[in-house]
Every structure is written in C-alpha cells, then in structure tokens.
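Coordinate analysis (summary)
Each chain, written out:
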Amino acid sequence: QVQLVESGGGLVQPGGSLRLSCAASGSIFSINSMGWYRQAPGKQRELVAGITSGDSTNYADSVKGRFTISRDNAKNTVYMQMNSLKPEDTALYYCNARVRGTVLAGLRNYWGQGTQVTVSS
C-alpha cells in the first residue's frame, strides 16, 4: 500500500503565493507520473499540473505561467509552487501518483486526502 500526504494549503490573499508538497510512502518500487488535481464546490475534479519521471511537465491553461510543478525523486515528493493566486484558484487540491509497488507489478493510481487552498481578501 502507498500513502500520499499533502501539506501547504491555506488561506491567502489574491496575488499571493503558496507551495504545496506531497510525499509518497509505503510499498514503492518506482513512481511514474505525479500530479496535482483540484476540485472546487459544484465542479468536477480537474488536472492542474503533472510531471513525469523524466521531468516532463504539463499544465492546465488556467495556471500556465503562474504555477510550477517539480519533484524530488529521492524523496518521492512532488511540489507545486503557486504564484499570483486568484479567487478562482480556490479549491481542494489533491495529489496523485502512479506507482509500481514491485519490479513485476503494474502501475496503480493513488490519491492524497486533499489540502484546501482558499484565495480571498
């Protein structure tokens, strides 16, 4: 089993910054892609940013130029630096990881419990 623990959410004023972290632990042979999703009240969960094991990244159009995703493979941790935050960024942010538990195992999808980001004056 694999656990993903997120941290770094909170309340910030418009234009402010936050840095989210997500550490994976447990039965891990390798981690393929990692990413951040978010879900606002009444809306579907959406991909915010993703990063592969080779450090290729992709971003939702709404956050390009403001958010930066990165990962530390030695620590099995993914980060997301969020700058110039807007009220519409308010949501519950979830970490996602596609993990291979053993050398012969297939990839499994894991989710964190979510961390709340609120952008408000």
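Structure's up top.
Note that the coordinates shown come from a computational prediction; the quantities given were computed from them, not determined experimentally.

Quick notes on the nonpolar core
Generally speaking, soluble globular proteins have nonpolar side chains that are buried together. Grouped together as the largest cluster of nonpolar side chains are 30 residues, with contacts concentrated most on Trp 36, Met 80, Met 82 and Tyr 93. Only strand S1 (2-7), strand S3 (18-26), strand S4 (30-39), strand S5 (46-51), strand S7 (67-72), strand S8 (77-82), strand S9 (91-100) and strand S11 (115-119) provide two or more residues apiece to this core. No other element matches S9, which puts five residues into this core.

Observations concerning the state of the cysteines
Under the criterion given, the structure shown has one disulfide. Between Cys 22 and Cys 95 runs a disulfide, and the two sulfur atoms are separated by 2.1 Å. Residues Cys 22 and Cys 95 are joined through a disulfide that is left-handed, its torsion about the S-S bond being -80 degrees. With Cys 22 in strand S3 and Cys 95 in strand S9, this residue pair connects regions lying 73 residues apart in the sequence. Residue classification places Cys 22 among the buried positions, given a relative accessible area of 0%. Exposure remark for Cys 95: the relative accessible area of 0% places this residue in the buried category.

Focus on unusual backbone geometry
Glycine aside, residues mostly have negative phi angles, and peptide bonds mostly take the trans form. Of note, the phi angle at Asp 55 is positive, near 70 degrees, even though the residue is not glycine. Turning to its location among the elements, Asp 55 is positioned in the loop between S5 and strand S6 (57-59). Classification of Asp 55 by relative accessible area gives partly exposed; the value is 46%.

As for the packing of aromatic side chains
Tallied over the entire structure, the rule returns one aromatic pair. For the pair Tyr 37 and Trp 111, a centre-to-centre distance of 4.9 Å together with 65 degrees between the ring planes defines the contact as edge-to-face. Taken together, the positions of Tyr 37 in strand S4 and Trp 111 in strand S10 (residues 107-111) put the pair 74 residues apart, joining distant regions of the chain. On the basis of relative accessibility, which here comes to 23%, the residue Tyr 37 falls in the partly exposed class. When the ring centre of Tyr 94 is taken as reference, the NZ or CZ atom of Arg 45 above it lies at 3.8 Å. The ring of Trp 111 carries the charged tip of Arg 45 above its face, separated from the ring centre by 4.6 Å.

Concerning the environment of Leu 18
Mapped onto the fold, Leu 18 is located in strand S3. Under the relative-accessibility criterion, Leu 18 is labelled buried at 14%. Taking the C-alpha atoms as reference points, Leu 18 and Gly 8, separated by ten residues in sequence, lie 6.8 Å from one another. Each residue touching Leu 18, except ones within four places of it in the same chain, is listed here: Gly 8, Gly 9, Gly 10, Val 12, Met 80, Gln 81, Met 82, Leu 85 and Val 117.

Focus on the pattern of salt bridges
Tallied over the full model, the rule gives four salt bridges. Note that Arg 38 is salt-bridged to Glu 46, the shortest N-O span being 2.7 Å. By relative accessible area, Arg 38 is classed as buried at 7%. When its relative accessible area of 35% is taken as the criterion, Glu 46 is described as partly exposed. Arg 38 is the partner of Asp 89 in a salt bridge, and the nearest nitrogen-oxygen pair spans 3.0 Å. Here Arg 38 lies in strand S4 and Asp 89 lies in the loop between S8 and S9, a separation of 51 residues in the sequence.

Cut-offs and rules
- Residues numbered from 1 in each chain as written.
- Predicted model: local features only at pLDDT ≥ 70, side-chain atom pairs only at ≥ 80, totals over all residues.
- Heavy atoms only, no water.
- Core = buried A, V, L, I, M, F, W, Y, C linked by side-chain atoms within 4.5 Å.
- Buried < 20%, exposed > 50% of the residue type's maximum accessible area, 1.4 Å probe, protein only.
- Helix = DSSP H or I, 4+ residues; strand = E, 2+ residues; numbered from the N terminus.
- Disulfide = S-S within 2.5 Å.
- Phe/Tyr/Trp six-rings, centres within 6.5 Å; stacked < 30°, edge-to-face > 60°.
- Lys NZ or Arg CZ within 6 Å of the ring centre and 35° of its normal.
- Contact = heavy atoms within 4.5 Å.
- Salt bridge = Lys/Arg side-chain N within 4 Å of Asp/Glu carboxyl O.

Limitation: the analysis is restricted to geometry and does not speak to function.
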